[in-house]
Amino acid sequence: MPRAWPGPYGQRAGVDRTDPPCILRPENGPVGPDRRAPPGLRLRGRARVGAQTLFGPLDLAVAPGRWTCLLGPSGVGKSTFLHLLAGIADGISFAGDLGAADGAPLAGRVALMAQADMLLPWLTARDNLLIGARLRGETPDTRAAEAMLERVGLSGMAARKPRALSGGQRQRVALARTLIEDRPVVLLDEPFSALDIATRVRMQDLAAALLRGRTILHVTHDPAEAARLGDHILLLTHRGLTELAPPRAPAPRPPDAPETLEATGALTRHLLACECQPAAAPSAEGLT
Ligand SMILES: Nc1ncnc2c1ncn2[C@@H]1O[C@H](COP(=O)(O)OP(=O)(O)OP(=O)(O)O)[C@@H](O)[C@H]1O
């Protein structure tokens, strides 16, 4: 009997979200990894642009079903990590292992919210949410798209094109598009950076609720955001990766709780300290 996958949004009326037929089940033959189960992620190796080392050798492990925040100075390679995992790192040559820890391909299991909103300017907000379904030849679920736009605070804006939205509104359309994709692995590149503090906290809470149990790798420059959301917090500098302790309380933590503020302060100190360290110069031999 196929196992129902309710998704983070609960059952949608008229939508049967059973596992796709490509999954190998006992009655179909050998048992493979469950492609709906959030896998851990691994990126071990070095990346180059032409002859120049961009980063490495590095060993990044992202825990399955957990929210991992990645902080670090501008230009250190954080977005490149996400692009490599999403399979869209054009112009970067990577030597090493990367992918899902369960050994199955990541393709089809990942949603990436890129740093730029990547909205198609000729489509409405609603149709931007439905573009993934359309490209896959699925029946677009207009009601689900409108419900998701409402959840990100954009009810009444479904028919607007991106040029008629503010920067923060466009970012919320991009967030809604990522959330509606309903993937076990979600890569977020500064997803709340254009939002005012109250909207940011609301969107963080929404993402934390809808993505609970997924494998999340979330790049952010905001130490307060990492202190609120991270089950694991990693700092990437030109000298390598360091794991930093998150607050003990479960995420999402209140933004003004003493433990969150204390962790924000500690992360800020780490970020300021790495700004003071001289960056190791990129070289054809690589960083050590
Ligand atoms: N396709 C590419 N071709 C050439 N250089 C690239 C390419 N992609 C990234 N880079 C370079 O690699 C470095 C790391 O870029 P990346 O966007 O990963 O940094 P980042 O840590 O995410 O920075 P920020 O915090 O500013 O977004 C930068 O110096 C960038 O110019």
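Residues numbered from 1 in each chain as written. Predicted model: local features only at pLDDT ≥ 70, side-chain atom pairs only at ≥ 80, totals over all residues. Heavy atoms only, no water.

On to the sheet that holds strand 1 (residues 41-49). If you walk across this open sheet you meet the three strands as 2-1-4, and the pairing is antiparallel. For this open sheet the edge positions go to strand 2 (52-62) and strand 4 (93-100), each flanked by a neighbour on one side alone. Across the sheet, the mean angle from the axis of one strand to that of its neighbour is 10°, orientation sign disregarded. Note: strand 1 against strand 4, eight bridges, orientation antiparallel. Within the sheet, the bridge partner assigned to R48 lies in strand 4 and is S93. Against the sheet, helix 1 (residues 78-86) engages strand 1, strand 2 and strand 4, with an angle of about 70° to strand 2. (Pairing = 2+ DSSP bridges. Helix = DSSP H or I, 4+ residues; strand = E, 2+ residues; numbered from the N terminus. Axes fitted to C-alpha atoms, helices over the stretch in contact; angles between N-to-C directions. Contact = heavy atoms within 4.5 Å.)

Extensive coverage of helix 1 is indicated by the burial of seven of its nine residues. Of the positions making up helix 1, those classed as buried are K78, S79, T80, F81, L82, L84 and L85. Residue G87 follows helix 1 closely and has a positive phi angle near 75°. (Buried < 20%, exposed > 50% of the residue type's maximum accessible area, 1.4 Å probe, protein only.)

Right, let's get into the side chain of D222. Here D222 shows up in the loop between strand 7 (215-219) and helix 6 (223-229). Within the structure, D222 has its side chain in polar contact with the backbone nitrogen of A224 (distance 2.9 Å). (Polar contact = N/O pair within 3.5 Å; in protein donor to acceptor, adjacent residues only side chain to side chain.)

Time to look at the site of the ligand. What surrounds the ligand is a group of 15 residues, the closest being S74, G75, K78, T80 and H221. Within the side chain of Q115, a nitrogen or oxygen atom sits 3.2 Å from an oxygen atom of the ligand. For the ligand, the accessible surface in isolation is 640 Å², of which the surrounding protein chains cover 61%. Considering every element that reaches the shell around the ligand, the biggest residue donor is helix 1, with three residues. Taken together, the residues of the shell around the ligand sort by class into five nonpolar, seven polar and three charged. (Near = heavy atom within 4 Å. Areas by Shrake-Rupley, 256 points an atom, 1.4 Å probe, with all protein chains shown as cover. Nonpolar A, V, L, I, M, F, W, Y, C, P; charged D, E, K, R; others polar.)

Turning to the nonpolar core, a few remarks are in order. Counting residues in each nonpolar core, the largest one holds 43 residues, and the members touching the most others are W67, L129, L149, V173 and L211. The element contributing the most residues to this core is helix 4 (residues 167-180), with six residues. Excluding anything up to four places from it in sequence, L149 contacts A125, R126, L129, L154, S155, A158, V173 and A176. Grouped together as the second largest cluster of nonpolar side chains are 23 residues, V62, L70, L85 and A89 included. (Core = buried A, V, L, I, M, F, W, Y, C linked by side-chain atoms within 4.5 Å.)

Our next topic: the environment of V152. Assignment of secondary structure puts V152 in the loop between helix 3 (142-151) and helix 4. On the basis of relative accessibility, which here comes to 0%, the residue V152 falls in the buried class. Taking the C-alpha atoms as reference, V152 lies 9.6 Å from A207; in sequence the two are 55 residues apart. In contact with V152, not counting residues within four places along its chain, are R172, L175, A176, M203 and L206.

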